[in-house]
Amino acid sequence: MRKINQSDFRSGSALNIGLTGGMGCGKSTAAAIFADLGFSRIDADDQVKHTILRLPEVMERIRGRFGTEVFAANGSVDRAVLGKRVFADDEARLWLENEVHPRVFAAWREALRSAPTQPRVFDVPLLFEQRLENWFDFTVCVATSSAAQLARLEKRGVPSHVAAPRISKQLPLARKIELADYVLSNDGSREFLRTQIVRLIAQLR
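Owing to the predicted nature of the structure, the values given are computational and were not obtained by experimental measurement.

Peer 1: Describe the confidence of the model for the protein chain, and please don't skip the residues or the numbers.
Peer 2: Taken residue by residue, the protein chain gives an average pLDDT of 87. The fraction at 70 or more is 92%. Confidence, expressed as mean pLDDT per element, reaches its minimum in the protein chain at helix 1 (residues 7-10) with 47 and its maximum at helix 4 (residues 56-66) with 96.

Peer 1: Describe the nonpolar core, naming the residues involved and giving the relevant values.
Peer 2: Ile62, Phe66, Leu82, Trp108, Leu132 and Phe136 are the most contacted members of the largest nonpolar core, which totals 34 residues. The set of elements that each furnish at least two residues to this core consists of helix 3 (44-50), helix 4, helix 5 (79-87), helix 6 (90-114) and strand 4 (138-143). Counting residues per element, this core draws most heavily on helix 6, which supplies 8 residues. The residues contacting Ile62, other than those within four sequence positions of it, are Leu53, Gly67, Val70, Phe71, Val77, Leu82, Trp95 and Leu96. Among the nonpolar cores identified, the runner-up in size contains 17 residues, and Val140, Val142, Leu184 and Leu200 belong to it.

Peer 1: Explain the layout of surface pockets to me, using residue names and the numbers behind them.
Peer 2: Over the atoms, a rolled probe matching the size of one water molecule traces out where space is still vacant. By volume, the largest pocket is sized at about 1600 Å³. Taken together, 45 residues form the lining of the largest pocket, with Asp45, Arg79, Phe87, Pro125 and Gln170 sitting closest to its centre. Elements supplying a minimum of two residues to the lining of the largest pocket: helix 2 (27-36), helix 3, helix 5, helix 6 and helix 7 (146-155). The leading source of residues in the lining of the largest pocket is helix 6, at 9 residues. Here the lining of the largest pocket is built from residues that sort into 20 nonpolar, 10 polar and 15 charged.

Peer 1: Give me the side chain of Thr20: which residues, what numbers.
Peer 2: Along the chain, Thr20 falls in strand 1 (residues 16-21). A polar contact is formed between the side chain of Thr20 and the backbone oxygen of Val124, at a distance of 2.9 Å. For Thr20, the side chain forms a polar contact with the main-chain oxygen of Pro125, separated by 3.1 Å. Those residues in contact with Thr20 that lie beyond four places of it in its chain are Lys27, Val124, Pro125, Leu127, Phe128, Val140, Cys141, Val142 and Lys176.

Peer 1: Describe in detail helix 7, supporting the description with residues and values.
Peer 2: When we look at burial in helix 7, the residues that qualify are Ala148, Gln149 and Leu153. An end-on view of helix 7 places all buried positions within 135 degrees of arc, on one side of the element. Those residues of helix 7 that are exposed and aimed more than 90 degrees away from the buried face are Ala147 and Lys155. Directly after helix 7, the chain includes Gly157, whose backbone phi takes a positive value near 90 degrees.

Rules used throughout
- Residues numbered from 1 in each chain as written.
- Predicted model: local features only at pLDDT ≥ 70, side-chain atom pairs only at ≥ 80, totals over all residues.
- Heavy atoms only, no water.
- pLDDT = per-residue confidence, 0-100.
- Helix = DSSP H or I, 4+ residues; strand = E, 2+ residues; numbered from the N terminus.
- Core = buried A, V, L, I, M, F, W, Y, C linked by side-chain atoms within 4.5 Å.
- Buried < 20%, exposed > 50% of the residue type's maximum accessible area, 1.4 Å probe, protein only.
- Contact = heavy atoms within 4.5 Å.
- 1 Å grid on protein atoms, 1.4 Å probe; cavity = no way out; pocket = protein on both sides within 12 Å on 5 of 7 lines; lining within 4 Å.
- Points joined across faces, edges and corners; volume = space filled by probe spheres on them.
- Nonpolar A, V, L, I, M, F, W, Y, C, P; charged D, E, K, R; others polar.
- Polar contact = N/O pair within 3.5 Å; in protein donor to acceptor, adjacent residues only side chain to side chain.
- Arc of directions from axis to C-beta.

So this is what it looks like as structure tokens:
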């Protein structure tokens, strides 16, 4: 995979934060709070879901690799079916990542060019897995207990037997905590998380 030049992210005066954490730890909640506090929010998963997987050339490549069974009746990519395929097959997962990630990175570059002084928070689940940490000014990991993590996933309709193999494809949360510049605890209320983020932003600026 072609890497992004680090200077794409660290040029100019904008503060670019790479936000990560395990599934169900509350990255989206934290990213929404950053957005409320004036940051432009860039969600890698949303970009894949709503833009990348709808590109005709990407859909054609996926059809050629996985067949029509990973497509819904309306012709769109069935992410649930595709997810089952790629999380059960490392080679297929890596193939899909190589199709998707360069297009995500291109969208990030365009966002940076269009508003170079706008502070941004990048919600990136696989930030450390893809070795993206040096592309941001700071990395932040949202952490929670295993029980809370699984409870949130259950509430989102992801049962533990589905969540467990997906979590296993990510770095252990403890390792992400070690690698991050800063850690946010999400075992309390939303207001508790917001208070941490307000203090963090003040410190970083």
